Amino acid sequence: MIETLLQPSVLFSALVAVAVFATLFTVLTPMLARNELKTRMKAVALERDEIRARERARLASDAERRRKSGGSLRQEQRTSIRQFVERLDLKRALADEKTLAKLKTAGFRGQNPLNVFLFMRFMLPFAGLAAAVFYIFVLGEFAKQPMVIKLFLCIVAAYAGFYAPNIYVSNRATKRKQAIQLAWPDALDLTLICVESGMSAEAAFRKVAEEIGTQSVDLAEELALTTAELSFLQERRTAYENLASRTGLESVKAMTQALTQAERYGTPIGQALRVLSQESRDMRLNEAEKKAAALPPKLTVPMILFFLPVLFAVILGPAAIKVMANGGILPH
């Protein structure tokens, strides 16, 4: 079998098959790729509809209260996960303000993601403990280890399941913040152009969300949601503060503070946006310079392991071959 596989015709056929597969994969992947921007904008549209419905319901309830007539809003049908979370009161036991803020920063909004997060945080410790017990005691792994070590491994698996949702949300929030930070200077430039051309804040955010979507879907989603909140919330300052809290970036917070100050005192916003755009661009350049400065220490170990042996082989190889051809090193 090995001789058959090493034949030139078989090797050539395998290389042709790999090349054909790679070609088909390269051609068909863009055709099968989903348009993530449209999906995320659709989710934002649903969030906008929820904000509109919530504000209309609040206004209707205020009107009913003023007329002193009873009335109640129709409650949504509760899912099984939501019923489970509410029955055990997991929100009070497993969630706090930092957890809610982290979920928003990671892009999970609404009650359903919170219910799923609490449900997974409650169930994964039992799942991890069951998997560890099955792996250690049923399959017989770590049979030579004492019982204390086995119990310790089971407890570690349960703790890993308990903190796994937090780790996932933290990683998701970090990646999302980095993606927004990279596109934020360009978004500020576009906002400055729109504002100086005479657009309102809502129109400027809507236009920037349409244009910046090809660079950062997350930022386009946040700007579109801010546009919806500016249209339906009572105070515009609340919409700006929500944008800053959802992104978790100081540069975004500075821009929202400038917008709030401009609307409160009537100060021009163009100069403030120009300064903030330059600061964000300088910050992005400084991050790139930090990464470039950190490359030499990171390349030290790969150079020692891979480059230096090859360099020594190239330099000393001809001399070693000549010495071996002459019968070795002759004694004096």
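Residues numbered from 1 in each chain as written. Predicted model: local features only at pLDDT ≥ 70, side-chain atom pairs only at ≥ 80, totals over all residues. Heavy atoms only, no water.

1. Structural notes on helix α8 (residues 147–196)
Here's step 1: With 50 residues, α8 extends 72 Å from end C-alpha to end C-alpha; this agrees with the ideal 74 Å at 1.5 Å per step.
Here's step 2: At W184, α8 shows its maximal bend, which comes to roughly 45°, and the proline P185 appears one to four places after that position.
Here's step 3: In the segment just after α8, G198 is the residue with positive phi, at about 110°. (Helix = DSSP H or I, 4+ residues; strand = E, 2+ residues; numbered from the N terminus. Expected span 1.5 Å × (residues − 1). Bend = angle between axes of the 7 residues up to and from the residue.)

2. So, the pattern of salt bridges
Think of it this way: side chains of opposite charge can pair up when their charged atoms draw near.
Here's step 1: Inspection of every chain in the model, using the stated rule, returns 14 salt bridges.
Here's step 2: Residues K207 and E211 are paired through a salt bridge, measuring 3.6 Å at the closest nitrogen-oxygen approach. Taken together, the residues span about one helical turn, with K207 and E211 both in helix α9 (residues 201–212) at a distance of four residues.
Here's step 3: Given the relative accessible area of 34%, K207 is considered partly exposed.
Here's step 4: Given a relative accessible area of 43%, E211 falls into the partly exposed group.
Here's step 5: Between R246 and E222 there is a salt bridge, and its shortest N-O distance comes to 2.4 Å. Residue R246 is located in helix α11 (residues 236–247), and its partner E222 is located in helix α10 (residues 217–232); the two are separated by 24 residues in the primary sequence. Here R246 and E222 have matching classes, each one buried.
Here's step 6: One network of salt bridges, with partners in common, ties together R176, D218, E221, E222, E229 and R246. (Salt bridge = Lys/Arg side-chain N within 4 Å of Asp/Glu carboxyl O. Buried < 20%, exposed > 50% of the residue type's maximum accessible area, 1.4 Å probe, protein only.)

3. Examining the packing of α9 against α10
The relative placement of two packed helices is expressed as an angle between their axes plus a distance between the axes.
Here's step 1: Taken N-terminus to C-terminus, the directions of α9 and α10 make an angle of 160°; their axes are 8 Å apart at the nearest point. It follows from the interaxial angle that α9 and α10 lie roughly antiparallel. Remark: the crossing between α9 and α10 carries left-handed chirality. Seen from α9, the contacting residues are E202, F205, R206, V208, A209 and I212; seen from α10, they are L219, A220, L223, A224, T226, T227, L230 and S231.
Here's step 2: Across the contact of α9 with α10, the residue classes break down as nine nonpolar, three polar and two charged. (Axes fitted to C-alpha atoms, helices over the stretch in contact; angles between N-to-C directions. Parallel < 35°, antiparallel > 145°, perpendicular 65-115°, else oblique. Left-handed = near helix turned anticlockwise from the far one by under 90°. Contact = heavy atoms within 4.5 Å. Nonpolar A, V, L, I, M, F, W, Y, C, P; charged D, E, K, R; others polar.)

4. Side note on the packing of aromatic side chains
Here's step 1: Applying the stated criterion across every chain yields a total of six aromatic pairs.
Here's step 2: A centroid spacing of 6.4 Å and a plane angle of 10° characterise the contact between Y159 and Y163, whose relative ring orientation is stacked. Taken as a pair, Y159 and Y163 lie in helix α8 at a separation of four residues, close to a single helical turn.
Here's step 3: Overall, the relative accessible area of 39% leaves Y163 in the partly exposed class.
Here's step 4: Taken together, the ring pairs connect F84, F119, F122 and F126 into an aromatic cluster. (Phe/Tyr/Trp six-rings, centres within 6.5 Å; stacked < 30°, edge-to-face > 60°.)

No statement about biological role is implied by the geometric values presented.
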